[in-house]
Amino acid sequence: MKQGRLPLAVLGLIGAAFLLSSCEGLGGVSPIFPTPVSPNGQGIYNTYIGISIPAIIIFVGVEVALLWVVLRYRRSKQPVGYVPPQIHDHRTLEIAWTIAPLIVVLAIAGYSFVELQKDFQPITNEDMRIVVSGHQFGWDYAYTDGFTVHQEGTLAGDVTPFVVPTHKLVRLEFQGTDVIHSWWVPAISGKTDAVPGYSNFSWLKIDQVGTWHGECAELCGAGHSTMQIIVQAMNQPEYDQWVKQQLAAQAKATASPSPSASPSP
Ligand SMILES: [Cu+2]
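Residues numbered from 1 in each chain as written. Predicted model: local features only at pLDDT ≥ 70, side-chain atom pairs only at ≥ 80, totals over all residues.

A separate point is the overall build of the protein chain. A count of helical and extended segments in the protein chain gives 4 helices and 10 strands. Written out in order from the N terminus, the α and β elements of the protein chain read α-α-α-β-β-β-β-β-β-β-β-β-β-α. Counting over 265 residues, the protein chain shows a buried share of 19%. Nonlocal contacts in the protein chain, meaning residues at least 24 apart in sequence, comprise 68% of its contacts between residues at least 6 apart. (Helix = DSSP H or I, 4+ residues; strand = E, 2+ residues; numbered from the N terminus. Buried ≥ 20, exposed ≤ 12 C-beta atoms within 10 Å, placed from the backbone. Contact = placed C-beta atoms within 7 Å.)

Here we come to helix α3 (residues 91–120). Spanning 30 residues, α3 covers 43 Å between terminal C-alpha atoms, matching the ideal 44 Å at 1.5 Å per step. In terms of residue burial, α3 counts as a barely covered element, since only 0 of its 30 residues are buried. (Expected span 1.5 Å × (residues − 1).)

Okay, the sheet that holds strand β7 (residues 192–194) next. In spatial order, the strands read β4-β10-β9-β6-β7; together these 5 strands make up an open sheet with mixed pairing. With one partner strand each, in any of the chains shown, β4 (162–165) and β7 form the two edges of the open sheet. Going from strand to strand, the sheet's axes swing by 30 degrees on average, the running direction of each strand aside. Relative to strand β9 (residues 210–216), strand β6 (residues 181–184) is paired through 2 bridges, and the arrangement is antiparallel. Note that in β9 the partner of Trp-184 across the bridge is Glu-215. Against the sheet, helix α4 (residues 236–255) makes contact with β4 and β10 (228–234), and its axis sits at roughly 135 degrees relative to β4, the strand it touches most. (Pairing = 2+ DSSP bridges. Axes fitted to C-alpha atoms, helices over the stretch in contact; angles between N-to-C directions.)

Our focus in this paragraph is α4. Three- or four-residue spacings in an α-helix give side chains the same orientation, since the helix completes a turn every 3.6 residues. The end-to-end C-alpha distance of α4 is 28 Å, a good match for the 28 Å that 20 residues give at a rise of 1.5 Å each. The element α4 is barely covered by neighbouring structure, given that only 0 of its 20 residues are classed as buried.

Reading across from one edge, β3-β2-β1-β5-β8 is the order of the 5 strands in this open sheet, with mixed pairing throughout. Both outer strands of the open sheet, β3 (148–152) and β8 (200–204), are each paired with one neighbouring strand and no more. Going across the sheet, the axis of each strand differs from the next one's by a mean of 25 degrees, ignoring polarity. Where strand β2 (residues 138–143) and β3 come together, 5 bridges link them in antiparallel fashion. Bridge pairing in β3 places Gly-138 opposite Glu-152.

Before going further, it helps to spend a moment on the pairing of β2. Moving residue by residue along a regular strand, the side chains alternate between the two faces of the sheet. As defined by bridge partners, strand β1 (residues 128–135) adjoins β2 across 6 bridges and the pair is classed as antiparallel. Each residue of the ladder has a partner; that of His-135, found in β2, is Gly-138. Taken together, β1 and the strand that follows it, β2, pair antiparallel across an intervening segment of 2 residues. Between β2 and β3, which follow one another and run antiparallel, lie 4 residues, and Gly-146 among them has a positive phi close to 105 degrees.

The next subject is the nonpolar core. Within the largest apolar cluster, 24 residues are counted, with the highest numbers of intra-cluster contacts made by Val-132, Val-164, Leu-172, Ile-188, Leu-204 and Val-231. Of all the secondary-structure elements, those providing two or more residues to this core are β1, β2, β4, β5 (170–176), β8 and β10. The leading source of residues in this core is β10, at 4 residues. Those residues in contact with Leu-172, other than ones at most four positions away along the chain, are Ile-130, Val-132, Phe-201, Ser-202, Trp-203 and Leu-204. (Core = buried A, V, L, I, M, F, W, Y, C linked by C-beta atoms within 7 Å.)

So, about the environment of Lys-118. By secondary structure assignment, the location of Lys-118 is in helix α3. Given 13 C-beta atoms within a 10 Å radius, Lys-118 is considered partly exposed. When the C-alpha atoms of Lys-118 and Gly-43 are compared, they prove to be 8.6 Å apart, with 75 residues separating the residues in sequence.

Just distances and angles here, no functional claims.
Below, the structure is given as structure tokens:
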């Protein structure tokens, strides 16, 4: 590659990354930067950008410096038998290149842990509470109103949406009924494990009407790939209407005799 084309190739790669960030991948999950709709999703997004931008600057800086040294000091440009200056036991230099990456890594760790603490603390000021259970292969959402939404896994189409009202702080309590699953809707919150025998927590607060996609993020068996997640946020009047429908459907199901309840011949 000619020297002049190199910065062009780097610019092209950066451009491609930003183009990719604006398109939606399979199942609506953005491959790079999902557009956040819940404050914890926004916090994760900010952390992601806050770490990625300096990381990209450091990466490009290191690569440009490396290429400059390789091209500027290549053997064909030097006199025959040339040996570059040999640096050994340079204490200041060695301390500097040990401390500098340590500062970068500690800064990333500190920044991430502060965000994790904010997103996964069990909250107590919630407006409503929903118990999310993961099973092989799907999710159940138990509402305090007394009904449960079954989001059975499938690849044949969209799964039943998990519905929440807009502008409400919803506490999510996670359980696993068989193996470990992980509830992950990138626009809403980070991956939250649903572990058998262990209570895990997250929350969401969505201020706009819409539908967001996610998937199980913990390999949990043969049907793992079917464990899609769809979260739908509705305005309060539509949500209240939806709750009435769920309660009516449940009452109807309980009223009609189930096959197991009928007497055996
Ligand atoms: Cu899974």
